[in-house]
Amino acid sequence: MIIICGAGITGLSLARELVKQGIKDITIIEKEASLGKHASGRNSGVLHAGIYYTPDSLKAKFCLRGNLLMKQYCKEKGLTLIESGKVIVTKKESEVPVLHELYRRAKANGAKVELIDEKTLREIEPYAKTCEQALYSPLTAVINPKEILDSLEKELESAGVKIEKGVALRGLKKGKLLTNKDTFSFELFINSAGSHADRIAHLFGLAKQYRIVPFKGLYKKLKKEKSYLVKGNIYPVPDIKNPFLGVHFTKVHDGTVYVGPTATPAFGRENYKLLDDLGIETVKILWRDLSLLLTNEKFRNTAITEIKKYLKANFYRDVKDMIEGVNPTDLLPSKKVGIRPQLIDIKKKELVMDFLVIKDANTLHILNAISPAFTSAFAFTEYVVKEYILENKE
């Protein structure tokens, strides 16, 4: 039996790929009562197109192919797919060289991108602003993440995969999984538990140098009367030293334009509201944050900048140079919030920038499955199954 822990996009995609390879007797255990409660259901719904990532990284290798496979899936299943493209704009002259670096990375990754001038930008996004040049990504698209999760759930259950909800992994005893309900034996255990993946790896004595530091992504939404200002996706040039893409404008499937997310240090792995998920681990997380603040300049600069965006004036200041016609009063509160479970290397005191796969005996652990994990899921799990599972069966 194969046990997969976590029914987010990575866990579901792994099960789907295993089924395609003719492997049966798969059970997914999921601690929540329904799917999409965390990162897979709370992301921005953007299918990325391979622009940002360092060539030869796992993110670079699988983002574009994942984009194409996910689009194909949406078309086959009749799911929401808005092929609206994306522009990345510069707010000031000093960002132009970084824009060119993004263009270089995108080309190295095989992505379809164009450097465009202000006139062409206005043809694509009439109200977007930029300094000198912008980057256009026609392959970027918008999907409805929860639709995809629901579709995968039905497909897997039809194929005989068991999805056991409300089952939380508590520990190990004599090689068996102890949960809040039953005890599970396994021939192969796959850890795709998202924000809890590091803790589960630690149960098996692995990945001891890695810890999750959660970042909260807060969104605002554009006043409905101003939604015409955005046709698809308007992104800023990010700080490429960090894995965050910056506050951006995205028009989703129902016509709402979300503005976000921020990337502020959170107090817990599921700290969606101020007092959610507070406990003993909050102290440990705060200690990790403090350690990074003192030792890692990139983290310190990001944390300070992002915390300031809790103030509406600073949030507005961050986006006002990206688009014309938006006033502070046009940015409305939103209930949309997500947690990015960012992995750090506590020995190096650095953020881990790529997906991480650790194989040991009959266990496999997927760590740092953060953006573009949803986009990359089908391609990334093809690779994981081929390189780490089928290889051992031959």
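The rules behind the values
Residues numbered from 1 in each chain as written. Predicted model: local features only at pLDDT ≥ 70, side-chain atom pairs only at ≥ 80, totals over all residues. Heavy atoms only, no water. UniProt positions renumbered as here; feature names shortened; annotations may be inferred. Pairing = 2+ DSSP bridges. Helix = DSSP H or I, 4+ residues; strand = E, 2+ residues; numbered from the N terminus. Expected span 1.5 Å × (residues − 1). Buried < 20%, exposed > 50% of the residue type's maximum accessible area, 1.4 Å probe, protein only. Contact = heavy atoms within 4.5 Å. Phe/Tyr/Trp six-rings, centres within 6.5 Å; stacked < 30°, edge-to-face > 60°. Axes fitted to C-alpha atoms, helices over the stretch in contact; angles between N-to-C directions. Parallel < 35°, antiparallel > 145°, perpendicular 65-115°, else oblique. Nonpolar A, V, L, I, M, F, W, Y, C, P; charged D, E, K, R; others polar.

Per an unreviewed UniProt entry, the recorded name for the protein chain is FAD-dependent oxidoreductase, and the organism is Thermodesulfovibrio yellowstonii. UniProt lists a comment for the protein chain under the heading Sequence similarities (unreviewed entry), and it reads "Belongs to the L2HGDH family." Per UniProt, the protein chain has the following entry under Cofactor (unreviewed entry): "FAD".

Before going further, it helps to examine the sheet that holds strand E12 (residues 183-184). A sheet is described by the order of its strands in space; here three strands give the open sequence E10-E11-E12, paired in antiparallel fashion. The two strands at the open ends of the sheet, each matched to only one other strand, are strand E10 (169-173) and E12. The sheet contact formed by strand E11 (residues 176-179) and E12 spans two bridges and is antiparallel. Bridge pairing links Leu 177 to Phe 184 in E12.

Moving on, we get to helix H4 (residues 96-108). Between the first and last C-alpha of H4 there are 19 Å, a value that for 13 residues agrees with the 18 Å anticipated at 1.5 Å per step. Taken as a whole, H4 has its buried residues at Val 96, Leu 99, Leu 102, Arg 105 and Ala 106. Those residues of H4 that are buried lie in contact with strand E5 (86-89), strand E6 (114-117) and strand E7 (133-137).

A word on unusual backbone geometry. Residue Pro 261 is reached from Gly 260 by a cis peptide bond, and omega for that bond is -5°. The residue Pro 261 is located in the loop between strand E17 (257-260) and strand E18 (264-265) in this model. Across the junction of Ser 371 and Pro 372, the peptide omega takes the value 10°, indicating a cis bond. Considering the arrangement of structural elements, one finds Pro 372 in the loop between strand E22 (363-367) and helix H11 (373-393). In this model, Asp 277 sits at a positive phi of 55°, which is unusual for a non-glycine residue. Despite not being glycine, Asn 368 has its phi angle at roughly 65°, a positive value. The class for Asn 368 is buried, based on a relative accessible area of 3%.

Attention now moves to the packing of aromatic side chains. Under the definition given, this model contains 13 aromatic pairs. Ring centres of Phe 62 and Phe 380 lie 6.1 Å apart, and the angle between their planes is 55°; this geometry places the pair in the tilted category. One end of the pair, Phe 62, is in helix H3 (residues 58-77); the other, Phe 380, is in helix H11, with 318 residues separating them in the sequence. Here the two residues Phe 62 and Phe 380 agree in accessibility, since each one is buried.

Moving on: the UniProt feature "domain: FAD dependent oxidoreductase" (unreviewed entry) in the protein chain. The residues that UniProt annotates with the feature "domain: FAD dependent oxidoreductase" (unreviewed entry) are residues 2-380. The straight-line gap between the two end C-alpha atoms of residues 2-380 is 19 Å; of that span, 32% is helix and 27% is strand.

Another aspect to go through is the sheet that holds strand E8 (residues 141-143). The antiparallel open sheet is built from three strands, whose spatial order is E3-E8-E4. The sheet is open, and its two borders are formed by strand E3 (46-47) and strand E4 (81-82), each paired with just one other strand. Bridge analysis of E3 against E8 gives two bridges, and the strand direction is antiparallel. Each bridged residue has a counterpart across the sheet, and for Leu 47 the counterpart in E8 is Ala 141.

This part is about the packing of H3 against helix H6 (residues 145-158). The axes of two packed helices give the description: the angle between them and the distance between them. At a minimum axis distance of 12 Å, the contact between H3 and H6 shows a crossing angle of 70°. Comparing the axis directions of H3 and H6 gives the class roughly perpendicular. Contact with H3, carried on its side by Met 70, Tyr 73, Cys 74 and Lys 77, involves Ile 148, Ser 151, Leu 152 and Glu 155 of H6 and no other residues of that element. Its residues placed into classes, the contact of H3 with H6 shows five nonpolar, one polar and two charged.

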